[in-house]
Amino acid sequence: MASLWSMLTATRGRNGRLHWTDWASYAYLTFGILLMFGPVVWLVVSSFKTPNELDRFPPRFLPYVQETVEVEGFSDPLQVYTVTEGDLAGEHVAQTRRAGTRAEVVRPDAPDDRIRLRTDQLQAVERVGFTTSNYTELFERFTFFRYLFNSTFITVMATLIMLLVNSMAAFALSKYEFRGRTPVLLLIIATLMIPQTVVLVPLYLLVTQMGLYNSLWGVIIPGAATPTGVFLLRQYMVTIPDEILDAARMDKASEWKIFWRIILPLSAPAIAVLAILAIMWRWNDFLWPLIVLSENEKFTLQIALFSFQGEFQTNWPNLLAMTVLTLLPIACVFMFLQKYIATGIASTGGK
Amino acid sequence: MLRVITPVMNLIEIPFRGAQRMLGVPLIAWVFLVPNILLFGLFAFLPVILNFVYGLTGGTNVLLADRPYIGAQNFNYLLSCDNHFDPNTCRDDKFWRAVYNTTLFVTLQVGFMIAFALTTALILNRDIRARGFFRSVFFFPVLLSPVVVALVWKWILQREGILNAFLDWLNQTWLIAALSGVTTALGGEALDVRGISWITDADWAFFWSVFISVWAHMGFYTLILLAGLQAIPRDVYEAATMDGASAWRTLRRITLPLLAPTMLVVLILALIKGVQTFDEVYAFTGGGPGTATTFIIQYIYEEGFAGQPRLYGLSAAASILLAVVLVVLTAIQLWLNRRSVDG
């Protein structure tokens, strides 16, 4: 027990040599990589498999496709098999027809010579290959781009509105001395106690009364003001020296100009952090869009994905492809911005 | 981008100049505050009041004018039980089932999550190569959407999924036979690990809900705990080493006590979020099988928006009860924040 704890607490490798506790730490971290990335990697790899391959149990890790060959006299490429027994054992043949347990095959170099074999004499010739048919089918058969547009529209608009509204409030609360400042701050703190999840019914009433039910704006507007955003920005703006503002006032700049020409550019780092957070929240938002959006036309990617899995319990091929496409933007954000996200989240304590 | 924004901003400036001339400089602050306060008022404070109106009225109409006043009936309906520890004796057994599920879920989820997050943070706080990389590895699932998290694991756990394939393979090795021998020797049943339906078996569904939730959110708490660990001054450890303190003692007497404030913040945050768990579990199991993984938010959602008839009053009453819990937890959280700022 004590040695376990020493593993967890030692902070330094000794004399440049790795202690066994270091090995144990790296083992833990390696297991962490497997556990955190593994499931997603498995999903992505699976999404490039053919439906037949997906049905296979036990599954193989890499996607395989059956080898095909163009044979004279046949318009479509034919599937290639190896014959396992009989006269032709060991030879590659192309299958022309299959009915029950009987198959008709030809040798690729002698297309006119039809040979009949039992299917258990044939073994498919396969190679590792990534199929994109799950994706192309998704684009053809489902209104994927509609969902993508809806999600993007909501994310972009909500983020822009949120940044503007919250930074205006943060500016007022950090750079002006006025009566009522403390009550307003307290009021904003109080909203921390009212997460969306506990006011769903009244929000629904308000949104329907404003005619925003089943509209993208009904998703965008109710979440535009966030206490987290105001606090994050205010914390940053407080550190901007007042002298800059005074100098601008001397030059007859209006307060609005001071806000957007001076304060906003100077708060860029904090705004960037909040923007990343907002994009993440909105892109991944689930419960509120689920309530507000009722028509398929208006679904976001998340809602579409959710309703998809209900409708087509077994349509894994398209479902996998759509899941991958939904997580793609977030994965990109992660790769390029993970450092900023981490610091941003650590400094705000989440939502 | 700037070319689009500049004219918009210039346009907003015109009314602002007028307001500034009328109000003077300090009071213009209110103009900056108006949009935010309006949104908060309309979408946070007004709903709180309306929530009570809904909670005290009945019927299935969403318009307040058409809803008859029924007093505390909704609350009575939710709260009346012959025996509060047995959901079957409650008038609204689904609500109590959800309450119990949520309580059990939060206990397990928060417990395991903090245990794993602390372990991970302690390891990352060691002299580890590529710490930034490993930190983001554990953080990666936090960014995934709840629906994606649910589907990623559903794909692994489905009946013919990779986990069952792995167990099938394991079953052919000596390991399972040996374990099976132990269980039968102890008077239990032989171990059968083949073809388990992880999602349609009530206990397994609950287990995996906890697991997935820990998997998805652990990185966030690891991050906060790691920041807390790195804020502990190095010289405290050096002094401990000089005094010949063992690693175990250092952890007990220095690291954990100094980390306690961060731990408390993490605990409260995790509780606040845990109580509101809905998205990933709903996408994963749909609350089932039966009501095995139905939590409070799902109850609120289904009574108000998914069921027929739509019982807005019941839904609002349940969310008021949930809000009471959240207000207490958030108040503790704010108090902790304030204390850490003052201290």
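Residues numbered from 1 in each chain as written. Chains lettered and ligands numbered in written order. Predicted model: local features only at pLDDT ≥ 70, side-chain atom pairs only at ≥ 80, totals over all residues. Heavy atoms only, no water.

So, the overall build of chain A
Phase 1: Along the backbone of chain A there are 15 helices and eight strands.
Phase 2: Taken across its 351 residues, chain A has 51% of its residues classed as buried.
Phase 3: Long-range pairs, those at least 24 residues apart, make up 63% of the contacts in chain A with a sequence separation of at least 6.
Phase 4: Just so you have it, chain A exposes about 16,500 Å², and 60% of that area is on carbon and sulfur atoms. (Helix = DSSP H or I, 4+ residues; strand = E, 2+ residues; numbered from the N terminus. Buried < 20%, exposed > 50% of the residue type's maximum accessible area, 1.4 Å probe, protein only. Contact = heavy atoms within 4.5 Å. Areas by Shrake-Rupley, 256 points an atom, 1.4 Å probe, with all protein chains shown as cover.)

Points about the domain arrangement of chain A
Phase 1: In terms of domains, chain A is made up of domain 1 (30-63), domain 2 (64-128) and domain 3 (136-348).
Phase 2: Using C-alpha coordinates to define each centre, domain 2 of chain A is positioned 57 Å away from domain 3 of chain A. (Domains from an automatic or database assignment.)

Observations concerning the nonpolar core
Phase 1: Ranked by internal contacts, the top residues of the largest apolar core, which has 202 residues, are Phe171 and Met322 of chain A together with Phe32 and Trp153 of chain B.
Phase 2: The residues that make up this core include at least three from each of domain 1 (30-63) and domain 3 (136-348) of chain A.
Phase 3: Discounting residues that sit within four places of it in the chain, phenylalanine 171 of chain A has contacts with Tyr176, Met237, Leu245, Glu255, Ile258, Phe259 and Ile263 of chain A together with Phe32 of chain B.
Phase 4: In terms of nonpolar packing, the next biggest core, distinct from the first, is built from nine residues, Tyr81, Val83, Leu88 and Val105 of chain A among them. (Core = buried A, V, L, I, M, F, W, Y, C linked by side-chain atoms within 4.5 Å.)

Remarks on the pattern of salt bridges
Residues and elements named next belong to chain A.
Phase 1: Overall, the coordinates contain 18 salt bridges over all chains when judged by the stated rule.
Phase 2: A salt bridge links arginine 118 to glutamate 85; the nearest nitrogen and oxygen atoms lie 3.9 Å apart. Taken together, the positions of arginine 118 in strand S6 (residues 110-118) and glutamate 85 in the loop between strand S3 (78-83) and strand S4 (92-99) put the pair 33 residues apart, joining distant regions of the chain.
Phase 3: On the basis of relative accessible area, arginine 118 is assigned to the partly exposed category, the value being 34%.
Phase 4: The partner of arginine 249 in a salt bridge is aspartate 246, with the nearest N and O atoms 3.4 Å apart. (Salt bridge = Lys/Arg side-chain N within 4 Å of Asp/Glu carboxyl O.)

Focus on the UniProt feature "transmembrane region" (unreviewed entry) in chain A
Residue and element names in this part refer to chain A.
Phase 1: Under the feature "transmembrane region" (unreviewed entry), the UniProt entry names residues 23-45, 147-172, 184-205, 217-237, 258-281 and 316-337.
Phase 2: The straight-line gap between the two end C-alpha atoms of residues 23-45 is 30 Å; of that span, 100% is helix and 0% is strand.
Phase 3: Helix makes up 96% of residues 258-281 and strand 0%, and the two end C-alpha atoms of the span are 30 Å apart. (UniProt positions renumbered as here; feature names shortened; annotations may be inferred.)

Focus on the interface of chain B and chain A
Phase 1: Between chain B and chain A, the contact holds 107 residues from the first and 111 residues from the second.
Phase 2: At the boundary of chain B with chain A, total buried surface from both sides reaches about 10,000 Å², with 78% on carbon and sulfur atoms.
Phase 3: Of all residues in chain B, the largest losses of buried area upon contact with chain A belong to Phe32, Arg126 and Trp155 of chain B, amounting jointly to 9% of the total for that side.
Phase 4: Taken together, the links from chain B to chain A amount to two salt bridges.
Phase 5: Aspartate 22 of chain A is the salt-bridge partner of arginine 126 of chain B, the closest N and O atoms lying 2.5 Å from each other.
Phase 6: Along the contact surface separating chain B from chain A lie 17 residue pairs in polar contact (both at pLDDT 80 or more).
Phase 7: Counted by class, the side of chain B that touches chain A contains 76 nonpolar, 17 polar and 14 charged residues. (Buried area = accessible area lost by both parts, 1.4 Å probe. Polar contact = N/O pair within 3.5 Å; in protein donor to acceptor, adjacent residues only side chain to side chain. Nonpolar A, V, L, I, M, F, W, Y, C, P; charged D, E, K, R; others polar.)

Some points on the UniProt feature "transmembrane region" (unreviewed entry) in chain B
Phase 1: In the numbering adopted here, UniProt assigns the feature "transmembrane region" (unreviewed entry) to residues 27-54, 104-124, 136-156, 206-233, 254-275, 281-301 and 313-336 of chain B.
Phase 2: Taken end to end, residues 254-275 of chain B is 100% helix and 0% strand, and its two terminal C-alpha atoms sit 32 Å from one another.

Things to note about the pairing of S6 of chain A
Along any regular strand, the residues point their side chains to alternate faces of the sheet.
Phase 1: Across five bridges, the pairing between strand S5 (residues 102-107) of chain A and S6 of chain A is antiparallel. Looking at the pairing, arginine 107 of chain A lines up with alanine 110 of chain A of S6 of chain A. (Pairing = 2+ DSSP bridges.)

Brief notes about the packing of aromatic side chains
Phase 1: Summed over the entire model, instances satisfying the criterion amount to 51 aromatic pairs over all chains.
Phase 2: When the centroid spacing of 5.8 Å and the interplanar angle of 25° are considered together, the rings of phenylalanine 149 of chain A and phenylalanine 153 of chain A count as stacked. Taken as a pair, phenylalanine 149 of chain A and phenylalanine 153 of chain A lie in helix H5 (residues 144-175) at a separation of four residues, close to a single helical turn.
Phase 3: Judged by its relative accessible area of 45%, phenylalanine 149 of chain A falls in the partly exposed class.
Phase 4: Residue phenylalanine 153 of chain A is classed as partly exposed on the basis of its relative accessible area, which comes to 25%.
Phase 5: When the ring of phenylalanine 220 of chain B is compared with that of tyrosine 221 of chain B, the centres are 4.8 Å apart and the planes differ by 80°; the resulting orientation is edge-to-face. (Phe/Tyr/Trp six-rings, centres within 6.5 Å; stacked < 30°, edge-to-face > 60°.)

A short note on the environment of asparagine 150 of chain A
Residues and elements named next belong to chain A.
Phase 1: Along the chain, asparagine 150 turns up in helix H5.
Phase 2: Here asparagine 150 falls in the buried class, since its relative accessible area comes to 0%.
Phase 3: The spacing of asparagine 150 and tyrosine 64 is 86 residues in sequence and 35 Å in space, taken between C-alpha atoms.
Phase 4: Not counting chain neighbours up to four residues away, the residues in contact with asparagine 150 comprise Leu216, Glu297, Lys298, Phe299 and Thr300.

Brief notes about the state of the cysteines
Residues and elements named next belong to chain B.
Phase 1: Per the counting criterion, the structure on display carries one disulfide over all chains.
Phase 2: Put simply, cysteine 81 and cysteine 90 are joined by a disulfide, and their sulfur atoms are 1.8 Å apart. Disulfide cysteine 81 to cysteine 90: torsion about the S-S bond roughly 105°, handedness right-handed. The two residues cysteine 81 and cysteine 90 agree in class, both being buried. (Disulfide = S-S within 2.5 Å.)

Section: the environment of isoleucine 161 of chain A
All names here are of chain A.
Phase 1: By the secondary structure assignment, isoleucine 161 is in helix H5.
Phase 2: Classification of isoleucine 161 by relative accessible area gives partly exposed; the value is 27%.
Phase 3: Leave out the neighbours within four places in its chain, and isoleucine 161 touches Trp217, Ile220 and Ala224.

Things to note about the side chain of asparagine 36 of chain B
Phase 1: With respect to the secondary-structure elements, asparagine 36 of chain B resides in helix H2 (residues 28-55).
Phase 2: Beyond its immediate stretch of four places on either side in the chain, asparagine 36 of chain B contacts Val165, Asn166, Ala169, Ile188, Ala225 and Val230 of chain A.

Some remarks on the pairing of S5 of chain A
Residues and elements named next belong to chain A.
Phase 1: The pairing of S4 with S5 spans five bridges and is antiparallel. Its bridge partner being in S5, arginine 97 is matched across the sheet by glutamate 104.
Phase 2: With antiparallel pairing between neighbouring strands as the criterion, S4 and S5 make up a hairpin whose turn holds two residues, including glycine 100 at a positive phi of roughly 60°.
Phase 3: What sits between the antiparallel neighbours S5 and S6 is a turn of two residues.

Focus: the side chain of threonine 57 of chain B
Residues and elements named next belong to chain B.
Phase 1: Along the chain, the position of threonine 57 falls in the loop between H2 and helix H3 (73-79).
Phase 2: Within the local environment of threonine 57, its side chain forms a polar contact with the backbone oxygen of valine 53, the two atoms lying 2.9 Å apart.
Phase 3: Not counting residues within four places of it along the chain, the set of residues in contact with threonine 57 comprises Arg67, Pro68, Tyr69, Ile70, Asn74 and Gly313.

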